[in-house]
Amino acid sequence: MSTQPENTPDERTTYPFVYAHTFRRMYASVIDIGLLLIVIVTINWVTGNNAFAGPGTAPQDIFILLGYLILFTGLKGQTPGKMVAGIIVVDDEGHVPGVAVAIPREMVGRLVASAALGLGLAWISLDPKRQGWHDKIAGTYVVMKPKPERRPQRDSSGYMPGERPAKQRPWRRRRKG
């Protein structure tokens, strides 16, 4: 049994700063909104239209939205939409920010960015580091998540993609010249 915590600063993954394009971020947002709508419609259907309709339901709607954004961003650095888009939220050092940074990013930052007629979100396309106001408030960046290297596998005949076959083809003769 180890006395060290599982995620010491030395063991945390550092991601390179290849800033995610605006359209990739929009793609991730559309996926996240779609997933949230599926969850809301399903819960509403199961409860017989009593979950998200009527007075006094706004707090639970906000709780579900912020819980989704804060937990995924804080713990994994990615919402499911960002996972599909291949992007990740990181801090100044290139690490997943954690819940303490995700709370102001998602609660305060998104509110400010959206309340200004969406200018804080449109700022992503104008900023050289592709930061929206919510990123600037929290000190986060959205970067491309590098794809894991895949090693080619030999097939059943022993052929490795990218290798030349062991035998030369008999119908190809070299010209003497």
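The sections below set out a description of the structure shown in this document. (Residues numbered from 1 in each chain as written. Predicted model: local features only at pLDDT ≥ 70, side-chain atom pairs only at ≥ 80, totals over all residues. Heavy atoms only, no water.)

### A short note on helix α2 (residues 58–76)
So, point 1. Over its 19 residues, α2 runs 27 Å from end to end, which matches the ideal 27 Å to within 8%, given 1.5 Å per residue.
So, point 2. By the burial criterion, the buried members of α2 are L66, Y68, L69, I70, T73 and G74.
So, point 3. For α2, the elements touching its buried residues are α1 (22–46), α3 (80–85), β1 (87–90) and α4 (99–115).
So, point 4. G77, located one to two residues past α2, shows a positive phi value of around 80°. (Helix = DSSP H or I, 4+ residues; strand = E, 2+ residues; numbered from the N terminus. Expected span 1.5 Å × (residues − 1). Buried < 20%, exposed > 50% of the residue type's maximum accessible area, 1.4 Å probe, protein only. Contact = heavy atoms within 4.5 Å.)

### Examining the pattern of salt bridges
So, point 1. Applying the stated criterion to the full structure yields six salt bridges.
So, point 2. R25 is the partner of D135 in a salt bridge, and the nearest nitrogen-oxygen pair spans 2.7 Å. Of this pair, D135 sits in helix α6 (residues 133–138) while R25 sits in helix α1; the two residues are 110 residues apart in sequence, bridging distant segments of the chain.
So, point 3. Take D135: its relative accessible area is 0%, and that puts it in the buried class.
So, point 4. For R25, a relative accessible area of 9% gives the class buried. (Salt bridge = Lys/Arg side-chain N within 4 Å of Asp/Glu carboxyl O.)

### Quick look at a nonpolar patch on the surface
So, point 1. Taken together, I103, M107, V108, V112 and I137 make up a surface patch of nonpolar side chains, about 390 Å² in accessible area.
So, point 2. With four residues, the single largest contributor to the nonpolar patch is α4.
So, point 3. Within the fold, I137 resides in helix α6.
So, point 4. I137 gets classed as partly exposed once you look at its relative accessible area, which sits at 43%. (Patch = residues over 30% accessible without salt bridge, like charges linked within 9 Å, V, L, I, M, F, W, Y side chains within 5 Å. Areas by Shrake-Rupley, 256 points an atom, 1.4 Å probe, with all protein chains shown as cover.)

### As for the packing of aromatic side chains
What describes a pair of aromatic rings is the distance from one ring centre to the other and the angle between the planes of the rings.
So, point 1. On inspection of all chains with the given rule, the structure shows five aromatic pairs.
So, point 2. With a centroid separation of 6.0 Å and 40° between ring planes, the pair formed by Y19 and Y141 is classed as tilted. Of this pair, Y19 sits in the segment before α1 while Y141 is found in strand β2 (residues 141–144), placing the two residues 122 residues apart along the sequence.
So, point 3. Here W123 and W133 contribute two aromatic rings whose centre-to-centre distance is 6.3 Å and whose plane-to-plane angle is 50°, an arrangement assigned as tilted. Of this pair, W123 sits in helix α5 (residues 119–126) while W133 sits in helix α6, and the two are 10 residues apart along the sequence.
So, point 4. A relative accessible area of 23% places W133 in the partly exposed class.
So, point 5. Among the aromatic residues, those joined into a ring-pair cluster are F17, Y19 and Y141. (Phe/Tyr/Trp six-rings, centres within 6.5 Å; stacked < 30°, edge-to-face > 60°.)

### A look at the side chain of H95
So, point 1. Take H95: it is sitting in the loop between β1 and α4.
So, point 2. A polar side-chain atom of H95 sits 3.1 Å from the main-chain carbonyl oxygen of T13.
So, point 3. Not counting the four nearest positions on each side in its chain, H95 is found in contact with R12, T13, T14, V89 and V90. (Polar contact = N/O pair within 3.5 Å; in protein donor to acceptor, adjacent residues only side chain to side chain.)

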